[in-house]
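Structural characterization, general
Single-letter residue listing:
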Amino acid sequence: QVQLVESGGGLMQPGGSLRLSCVASGSILSINDMGWYRQAPGKQRELVAAITSGGSANYADSVKGRFTIPRDNAKRTVYLQMNNLAPEETAVYYCNVAALPPGYAREYDYWGQGTQVTVQG
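Quick caveat, the model's predicted, so the values are computed rather than measured.

Here the focus is the overall build of the chain. Within the chain one finds 0 helices and 12 strands. In the chain, the order of α-helices and β-strands from amino to carboxyl end is β-β-β-β-β-β-β-β-β-β-β-β. Principal-axis analysis of the C-alpha atoms places the extent of the chain at approximately 50 × 25 × 25 Å. Per-residue burial for the chain yields a buried fraction of 42% across its 121 residues. Summarising the internal contacts of the chain: among those between residues at least 6 apart in sequence, 56% fall at separations of at least 24. Working note: accessible area of the chain is about 6,300 Å², and carbon and sulfur atoms make up 48% of it. Averaging the coordinates of the 10 positive side-chain charges in the chain and doing the same for the 9 negative ones gives two points 3 Å apart.

Here we take up the pairing of strand S4 (residues 30-39). For S4 and strand S10 (residues 91-100), the ladder comprises 8 bridges, and the chain directions are antiparallel. Pairing of Ile 31 across the sheet is with Ala 99, part of S10. Judged from the 5 bridges that link them, S4 and strand S5 (residues 46-51) form a sheet pairing that is antiparallel. Note that in S5 the partner of Met 34 across the bridge is Ile 51.

In this structure, Leu 4, Trp 36, Val 48, Val 78, Leu 80, Met 82 and Tyr 93 are the most contacted members of the largest nonpolar core, which totals 30 residues. Elements that contribute at least two residues to this core include exactly strand S1 (2-7), strand S3 (18-26), S4, S5, strand S9 (77-82), S10 and strand S12 (115-119). The leading source of residues in this core is S10, at 5 residues.

Per the counting criterion, the structure on display carries 4 salt bridges. In this structure, the salt-bridge partner of Asp 61 is Lys 64, at a minimum N-O distance of 3.0 Å. When salt bridges that share partners are traced, they join Arg 38, Glu 46, Arg 66 and Glu 89 into one network.

Scoring rules and cut-offs
Residues numbered from 1 in each chain as written. Predicted model: local features only at pLDDT ≥ 70, side-chain atom pairs only at ≥ 80, totals over all residues. Heavy atoms only, no water. Helix = DSSP H or I, 4+ residues; strand = E, 2+ residues; numbered from the N terminus. Buried < 20%, exposed > 50% of the residue type's maximum accessible area, 1.4 Å probe, protein only. Contact = heavy atoms within 4.5 Å. Areas by Shrake-Rupley, 256 points an atom, 1.4 Å probe, with all protein chains shown as cover. Lys, Arg positive; Asp, Glu negative; His and termini not counted. Charge placed at Lys NZ, Arg CZ, Asp CG, Glu CD. Pairing = 2+ DSSP bridges. Core = buried A, V, L, I, M, F, W, Y, C linked by side-chain atoms within 4.5 Å. Salt bridge = Lys/Arg side-chain N within 4 Å of Asp/Glu carboxyl O.

Right under this line is the structure:
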């Protein structure tokens, strides 16, 4: 079983910064892509940023230049550094990991429980 635990959400004023963390634990042979998604009230879940095991990252156009997605493979952790936050980025942020459990031939997608980020003055 693979568990993802997110932390770092909270209330922030516009223009502020937050860093989210997501730690993967459990029976894992390897982790490939790690990413962050967000879902605002009444909207579909959308990709914010993702990073491969080799360190290649891609970002939603709306966050390019403001967000980064570092990862620490030894700690099985992915971060989302969010700078210059805007009110419209208020959402629940979810961690997503593609991991290979022992005894399986392919990777599976795993999701965290989500962490609330609220941006308001």
